[in-house]
Amino acid sequence: MDFLRPASWEEALAAKAEHPTAVPIAGGTDVMVEINFDHRRPEYLMDLTRIGDLHAWEVGDDTVRLGASVPYAEIMEHLRPELPGLALASHTVASPQIRNRGGVGGNLGTASPAGDAHPALLAAGAEVEVESVRGSRRIPIDDFYTGVKRNALAPDELIRAVHIDKADGPQQYSKVGTRNAMVIAVCAFGLALHPETRTVRTGIGSAAPTPIRARAAEDFLNAALEEGGFWDNGKIITPSVAKRFAALCAAACNPIDDVRGTASYRRHAVGVMARRTLTWTWESYRGAHRTTEGAA
């Protein structure tokens, strides 16, 4: 196994073009596990730790540009107001040591359905900025996952950053594991309210071959919130609506039985998390709605 260590982004793109099979490594929290267990033996390993741009973030008027190697710990500490769902997901990643090393780019590159960041990115409607010597492009997160541990990257492309809209409403994230830390998700669920567009987005992890959205559940809830005038009146969502939303989220799953949990348990747990995160986010929205009305 040969080791490539580019000193700049341009050198990294040139190396990837010359060696398309090279596996990028930044935090190493996914790649090194696979190598240590001999599940993967790449011909080339490309170290990206010297490229400072990957460790930086920019907060714009409407969006955050998050470098691919920004550690989860930095997201938790500095970007919680702008990216609350991703900050909550970052809290559930492994241990403090790994949260100080691992970043969203690694989750995206590995594209494991159990990656902790995926549900939050789906719920927020992120875009993945990728680049090669041929140029750069942005891939909508909905189009990024193409199969089990497969993504939409071309062989010569590298992930440079993730673009995420700043939260305009409450976001939540929930994860089920066999213990409280250092655990791969049995299943996970992300939910984001988008009051500006009066829409709701979801993200489900570890309950299908790829991270997915519960689109039928979103359509149902969007219609129910609009028809009931909930966005305007800020009333409590009726139990029947929450129950139906949860059932549709569970139905969106296509899980497997494995050592961490059964398929039936995963479906049940996703339904429970969907109902709970909807309750939490809507209560937050109602609180902000009442404050706005009081100020008016």
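Details of the structure are given in the entry above.
Residues numbered from 1 in each chain as written. Predicted model: local features only at pLDDT ≥ 70, side-chain atom pairs only at ≥ 80, totals over all residues. Heavy atoms only, no water.

S.K.: Just to check I follow, could you spell out the pairing of strand β11 (residues 171-176) for this structure?
M.R.: Successive residues of a regular strand alternate their side chains across the two faces of the sheet. Most of β11 sits out of view: five of its six residues are buried. Bridge analysis of β11 against strand β12 (residues 187-194) gives six bridges, and the strand direction is antiparallel. Residue pairing across strands places Lys-175 opposite Ala-188, the latter belonging to β12. (Buried < 20%, exposed > 50% of the residue type's maximum accessible area, 1.4 Å probe, protein only. Helix = DSSP H or I, 4+ residues; strand = E, 2+ residues; numbered from the N terminus. Pairing = 2+ DSSP bridges.)

S.K.: Help me out: how do you make sense of the packing of aromatic side chains in this one?
M.R.: Ring pairs (aromatic) are described by centroid distance and by the angle formed between their planes. By the definition in use, this model includes five aromatic pairs. Plain terms: the ring middles of Phe-144 and Tyr-145 are 5.6 Å apart, the flat faces sit at 90° to each other, and that makes the pair edge-to-face. Accessibility assignment for this pair places Phe-144 and Tyr-145 in one class, buried. An angle of 35° between the planes, with centres 4.7 Å apart, marks the rings of Trp-282 and Tyr-285 as tilted. Highlighted residues: Trp-282 and Tyr-285, both in helix α12 (residues 263-295), separated by three residues, approximately one helical turn. Using a relative accessible area of 2% as the deciding quantity, one classes Trp-282 as buried. Grouped by ring-pair contacts, the aromatic residues Phe-230, Trp-231, Trp-282 and Tyr-285 constitute a single cluster. (Phe/Tyr/Trp six-rings, centres within 6.5 Å; stacked < 30°, edge-to-face > 60°.)

S.K.: Would you take a moment to explain the nonpolar core for this structure?
M.R.: Within soluble globular proteins, side chains that are nonpolar tend to cluster in buried spots. In terms of nonpolar packing, the biggest core is built from 44 residues, with Ile-75, Leu-86, Val-104, Leu-108, Leu-121 and Ile-141 touching the most fellow members. Membership of the second largest hydrophobic core comes to 32 residues, among which are Val-176, Ala-208, Leu-225 and Met-273. (Core = buried A, V, L, I, M, F, W, Y, C linked by side-chain atoms within 4.5 Å.)

S.K.: Please explain the sheet that holds strand β6 (residues 127-132) as it appears in this structure.
M.R.: Backbone-to-backbone hydrogen bonds join strands into a sheet, with any given pair of strands oriented parallel or antiparallel. Sheet architecture is open: five strands sit in the order β4-β5-β10-β6-β7, paired in antiparallel fashion. Only two strands of the sheet have a single partner each, and these edge strands are β4 (57-59) and β7 (135-140). This sheet shows a mean twist of 20° between the axes of neighbouring strands, independent of strand direction. In this sheet, strand β10 (residues 158-165) lies alongside strand β5 (residues 63-67) in antiparallel orientation, the contact comprising five bridges. For Thr-63, the partnering residue across the bridge sits in β10 and is Asp-165. Of the strands in this sheet, β6 and β10 are in contact with helix α1 (residues 9-18), which crosses β10 at around 120°. (Axes fitted to C-alpha atoms, helices over the stretch in contact; angles between N-to-C directions. Contact = heavy atoms within 4.5 Å.)

S.K.: How do you make sense of the sheet that holds β11 when you look at a structure like this?
M.R.: Overall, antiparallel pairing links the three strands, which are arranged β11-β12-β13 in an open sheet. Either end of the sheet is taken by a strand with one partner, and the two such strands are β11 and β13 (199-205). Taking the axes of each pair of neighbouring strands and ignoring which way they run, one obtains an average angle of 10° across the sheet. Relative to β13, β12 runs antiparallel, the two sharing seven bridges. Pairing of Gly-190 across the sheet is with Gly-203, part of β13.

S.K.: For this particular structure, what's the right way to read helix α9 (residues 215-227)?
M.R.: Structural remark: α-helix, 3.6 residues per turn; residues separated by three or four positions point the same way. The end-to-end C-alpha distance of α9 is 18 Å, a good match for the 18 Å that 13 residues give at a rise of 1.5 Å each. Residues of α9 that are buried: Ala-217, Glu-218, Leu-221, Asn-222, Ala-224 and Leu-225. Looking straight down α9, one finds its buried side chains confined to an arc of 165°; they lie on one side. Summarising the geometry of α9, the exposed residues directed more than 90 degrees from the buried face are Asp-219 and Glu-227. Immediately beyond the C-terminal end of α9, within one or two residues, lies Gly-229, with a positive phi of roughly 65°. (Expected span 1.5 Å × (residues − 1). Arc of directions from axis to C-beta.)

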